[in-house]
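# What the coordinates show
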Amino acid sequence: VRENMGYLPESTPLYTEMRVKGYLDYRATIKGVPRSARRRHVEQAMERCHVTDVADRIIGHLSKGYRQRVGLADALVHRPKVLILDEPTSGLDPNQVRDVRDLMKEIAGDTTILFSTHTIPWVEQVCRRVIIINQGRIVREGDLDSVRAEVAPWARVEFKTSLPVKETMEVLEAFPRIHFHESTTLGAETSMRYLVDKSELDDSLRELAEALARRGGDLRDPVVGAAVLEDLFTTLTRGSQKAEVGL
């Protein structure tokens, strides 16, 4: 199993006093890469992870983005069939995230990659298959297209109201057609978001406006958009029990 698996944890464990090429040669040695192939494996891993230009640099002097790439090169140096990554873009800036994402797409051509992340939009850009876990339990699993199809009938609605959060939530709780809702407070203003079937969108807006008005509130600046994978994740991991079993 170890011979066929590469692993990169969230906090990249590196010997920071070593130079990049020497470190990767050492790691290839303890991973059982034959001496005759070791140099070729190291050079190809460095090239693939774009760290050839820092091959002779001390790892501790590199930026976090470069150290992450060195960690990936380490995970790949013995050419595993399966690569496991834990939060591979944690703490990286947008350019570094893009580099890691592009690298993963390139590697996926001949390596199976399993990675965990809380950056849902990134999942949609990279993954072919999705597993959503809540409290150690798989609550949804499938290829990306089928998971996206699950939210396709939904609309995401955001609006503001002068009614306090508690009263606004009570109004929304009375609408069984709403799949999920949450609120944020900015000063005296409440911002709400909810998910509803597209076929019931107009009715939900009208009925909510009437219900809020009966309590002395209003429904202002409604913004309607298509639901995304993040909405499904939020519904399954933070929604009501009814929403979990009813999707």
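Reference entry: report on the structure contained in this document. (Residues numbered from 1 in each chain as written. Predicted model: local features only at pLDDT ≥ 70, side-chain atom pairs only at ≥ 80, totals over all residues. Heavy atoms only, no water.)

### Focus: the overall build of the chain
Counting its regular elements, the chain contains 10 helices and nine strands. Here the C-alpha atoms of the chain give a radius of gyration of 24 Å, more than 25% beyond the 18 Å that 2.2 N^0.38 yields for 247 residues. Judged by the C-alpha coordinates and their principal axes, the chain covers about 80 × 35 × 25 Å. Per-residue burial for the chain yields a buried fraction of 41% across its 247 residues. Here the analysis covers contacts within the chain between residues at least 6 apart in sequence; of these, 67% occur between residues at least 24 apart. Total accessible area on the chain is roughly 13600 Å²; 49% of this is exposed by carbon and sulfur atoms. If the 36 positive side-chain charges of the chain are averaged to one point and the 38 negative ones to another, these points end up 7 Å apart. (Helix = DSSP H or I, 4+ residues; strand = E, 2+ residues; numbered from the N terminus. Rg over C-alpha atoms; globule rule 2.2 N^0.38 Å. Buried < 20%, exposed > 50% of the residue type's maximum accessible area, 1.4 Å probe, protein only. Contact = heavy atoms within 4.5 Å. Areas by Shrake-Rupley, 256 points an atom, 1.4 Å probe, with all protein chains shown as cover. Lys, Arg positive; Asp, Glu negative; His and termini not counted. Charge placed at Lys NZ, Arg CZ, Asp CG, Glu CD.)

### Examining the packing of helix H1 (residues 20-30) against helix H3 (residues 64-76)
Running from N to C, H1 and H3 cross one another at 25°; their axes reach a closest spacing of 9 Å. In terms of orientation, H1 lies roughly parallel with respect to H3. As for the relative orientation of H1 and H3, their crossing is right-handed in sense. Residues Val20, Tyr23, Leu24 and Arg27 of H1 form the contact with H3, whose own contacting residues are Val70, Ala73 and Asp74. Per-class residue counts for the contact of H1 with H3 are five nonpolar, no polar and two charged. (Axes fitted to C-alpha atoms, helices over the stretch in contact; angles between N-to-C directions. Parallel < 35°, antiparallel > 145°, perpendicular 65-115°, else oblique. Left-handed = near helix turned anticlockwise from the far one by under 90°. Nonpolar A, V, L, I, M, F, W, Y, C, P; charged D, E, K, R; others polar.)

### Remarks on the packing of aromatic side chains
For the structure on display, the rule yields four aromatic pairs. Summarising the aromatic geometry, the rings of Phe115 and Trp122 are spaced 5.1 Å apart at their centres and angled 80° between planes, so their arrangement reads as edge-to-face. The buried category is assigned to Phe115, whose relative accessible area is 15%. Residues Phe159 and Tyr194 carry aromatic rings whose centres are separated by 6.2 Å and whose planes lie at 70° to one another, so their mutual orientation is edge-to-face. Placement of the pair is Phe159 in strand E6 (residues 154-161) and Tyr194 in strand E8 (residues 189-197), with a sequence separation of 35 residues. (Phe/Tyr/Trp six-rings, centres within 6.5 Å; stacked < 30°, edge-to-face > 60°.)

### Some words on the side chain of Thr168
Among the structural elements, Thr168 can be located in helix H7 (residues 165-173). Side-chain polar atoms of Thr168 contact the backbone oxygen of Leu163, separated by 3.2 Å. When sequence neighbours within four positions are dropped, the list of residues in contact with Thr168 reads Phe159, Thr161, Leu163, Thr190, Met192 and Leu212. (Polar contact = N/O pair within 3.5 Å; in protein donor to acceptor, adjacent residues only side chain to side chain.)

### As for the state of the cysteines
Counting across every chain of the model gives zero disulfides. Looking at Cys49, it has no disulfide partner, and the nearest cysteine sulfur is the one in Cys127, 18 Å off. Relative accessible area serves as the criterion here: at 0%, Cys49 is assigned to the buried category. Accessibility expressed as a relative area gives 18% for Cys127, which makes it buried. (Disulfide = S-S within 2.5 Å.)

### Some words on the pattern of salt bridges
For the structure on display, the rule yields 17 salt bridges. With a shortest N-O distance of 3.2 Å, Asp203 and Arg206 are connected by a salt bridge. Note that Asp203 and Arg206 are positioned in helix H8 (residues 201-214) at a spacing of three residues, about one turn of the helix. (Salt bridge = Lys/Arg side-chain N within 4 Å of Asp/Glu carboxyl O.)

### Side note on the nonpolar core
Of all hydrophobic cores here, the largest spans 50 residues; its most connected members are Val20, Val70, Leu72, Leu229 and Leu232. Counting 17 residues, the second largest nonpolar core, distinct from the first, contains Phe175, Tyr194, Val196 and Leu201. (Core = buried A, V, L, I, M, F, W, Y, C linked by side-chain atoms within 4.5 Å.)

### As for the layout of surface pockets
What the largest pocket holds in volume is close to 800 Å³. Along the wall of the largest pocket there are 23 residues; nearest its centre are Leu114, Phe115, Cys127, Arg129 and Val130. Put simply, the parts of the chain that give the lining of the largest pocket at least two residues each are helix H4 (94-107), strand E3 (112-116), helix H5 (120-126), strand E4 (129-134) and helix H9 (229-238). Split by residue class, the lining of the largest pocket holds 15 nonpolar, five polar and three charged. (1 Å grid on protein atoms, 1.4 Å probe; cavity = no way out; pocket = protein on both sides within 12 Å on 5 of 7 lines; lining within 4 Å. Points joined across faces, edges and corners; volume = space filled by probe spheres on them.)

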